[in-house]
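Structure at a glance
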Amino acid sequence: MKVTDCIKSAKGKTQVSFEILPPLKGGHISSIFNMLDPLMEFKPPFIDVTYHREEYIYKQRPSGYYEKTSIRKRPGTVGICTAIMNKYGIDAVPHLICGGFTIEETENALIDLNFLGINNVLALRGDARKFENRFVPQDGGHPYAIDLVKQIGAMNKGEYLDQNIVNGQKTDFCVGVAGYPEKHFEAPNPEVDLQFLKAKIDAGADYIVTQMFWDNENYLKYIENCRSVGIKVPIIPGLKPITKLRQLQSIPRIFHVNFPNDLVKEISKCKTDADAREVGIEWTVQQSLELKKAGAPVLHYYTMGDVSTFTAIAKKVF
Ligand code: FAD
């Protein structure tokens, strides 16, 4: 089922979804199942699986020189989606990024998804690679997520890159895109960022999943702002609890987000990671209950492989 149909069929009841990462290369699918088995109790209608572009690493050679090599540490997004759909009979949403793909490779990836019966995609641009200070698209690839949304939209109309194809099979993808309640860090201001988000929706995206946030006011205000510029699609809040003391610094640095003062004060009083995790779980539980009350269609949890934390949260919320 498409994500938008899952939302419609829930008739206003808030649902839960989880986002997982493929295991590191060399890992086994059982690690995914071990993680998801306990979460199935909460009946997520779909599971998101992230996509990881290749990274550059520098290896020192015996001569002392460094050699730049490119590796993909977490391949397997599409295979994992298929395995999830087969094992649990629920939907899986692969993330597809612009980075690292030519438009032909993107088309081929979408054809594979279509043949596998996967009709949900979260369409993203991707970030700059390590050692690059800005996002660089692949030669012949898309520079922005909107271009990916447009390509998927064309395939949904039966239009392929090869213009000799007439009466091409129409795919039926439901397309999600990312939104940033605190603004995407590269956007010059929130208004411009919102216009680019609106453009993704006008290009055919069906729903939005937000970047993680810890202040519900930001999400509620964001919804208001989106509605005021004519964005009508569902906006799914993304949530992630703090579970370690060091995340007070690392999360804002990596994800360009802010923590509210009250949360910072509470975490700063903690002596150990275990104490911080308790505070983080309680904060996310309260956030989730409030968002449920406010009518959020789905609560989307960024698990990052940490099952026990999300089982503890979901038990109190669903
Ligand atoms: P875009 O919508 O293309 O926006 C990128 C920036 O460009 C923004 O500042 C926007 O305002 C601006 N912009 C947009 N269009 C234009 C235009 N036409 N001209 C000029 N500026 C423009 N990354 C991964 O690598 N793998 C994942 O699996 C993954 N999953 C994610 C899931 C969620 C829910 C979220 C919120 C993010 C995820 N990311 C993932 C991170 C994402 O790739 C980064 O946040 C990236 O920096 C931006 O992606 P985007 O799709 O929002 O880009």
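Whatever comes next refers back to the structure up there.
Now for a description of the structure that goes with this document.

With that settled, consider the packing of helix α10 (residues 273–293) against helix α11 (residues 307–317). Contact geometry for α10 and α11: axes closest at 9 Å, N-to-C directions at 40°. Of the possible angle classes, the one that applies to α10 and α11 is oblique. Between α10 and α11 lies a crossing of right-handed hand. Touching Arg-277, Ile-281, Glu-282, Thr-284, Val-285, Ser-288, Leu-289 and Lys-292 of α10 are Ser-308, Thr-309, Ala-312, Ile-313, Lys-316 and Val-317, all from α11. Each residue belonging to the contact of α10 with α11 can be placed in one class, and the counts come to six nonpolar, four polar and four charged.

On to a nonpolar patch on the surface, then. There is a patch of nonpolar side chains on the surface, built from Tyr-58, Tyr-66 and Phe-131 and spanning about 380 Å² of accessible area. Structurally, Phe-131 is set in the loop between β6 (120–124) and α5 (145–156).

The next subject is the sheet that holds strand β7 (residues 174–179). Consider a sheet: its strands pair through backbone hydrogen bonds, and that pairing is either parallel or antiparallel. Spatial ordering of the closed barrel is given by β1-β2-β5-β6-β7-β8-β9-β10, a layout of eight strands whose pairing is parallel. In this sheet, adjacent strand axes meet at a mean angle of 30° when their direction is disregarded. Relative to strand β5 (residues 91–97), strand β2 (residues 46–49) runs parallel, the two sharing four bridges. Directly across from Val-49, in β5, lies its bridge partner Pro-94. Across the face of the sheet, α5 comes into contact with β5, β6 and β7 while running at roughly 150° to β6. Contacting β7 and β8 (207–212), helix α6 (residues 190–202) crosses the sheet at an angle of about 180° to β7.

This paragraph deals with the side chain of Glu-107. Looking at where Glu-107 falls in the secondary structure, it is placed in helix α4 (residues 103–115). Despite its burial, Glu-107 pairs with no opposite charge; the closest candidate is Lys-157, at 13 Å N-O. Among all residues touching Glu-107, those that are not within four sequence positions of it are Gln-151, Met-155, Tyr-160 and Leu-161.

What counts, and at which threshold
Residues numbered from 1 in each chain as written. Predicted model: local features only at pLDDT ≥ 70, side-chain atom pairs only at ≥ 80, totals over all residues. Heavy atoms only, no water. Axes fitted to C-alpha atoms, helices over the stretch in contact; angles between N-to-C directions. Helix = DSSP H or I, 4+ residues; strand = E, 2+ residues; numbered from the N terminus. Parallel < 35°, antiparallel > 145°, perpendicular 65-115°, else oblique. Left-handed = near helix turned anticlockwise from the far one by under 90°. Contact = heavy atoms within 4.5 Å. Nonpolar A, V, L, I, M, F, W, Y, C, P; charged D, E, K, R; others polar. Patch = residues over 30% accessible without salt bridge, like charges linked within 9 Å, V, L, I, M, F, W, Y side chains within 5 Å. Areas by Shrake-Rupley, 256 points an atom, 1.4 Å probe, with all protein chains shown as cover. Salt bridge = Lys/Arg side-chain N within 4 Å of Asp/Glu carboxyl O. Pairing = 2+ DSSP bridges. Buried < 20%, exposed > 50% of the residue type's maximum accessible area, 1.4 Å probe, protein only. Lys, Arg positive; Asp, Glu negative; His and termini not counted.

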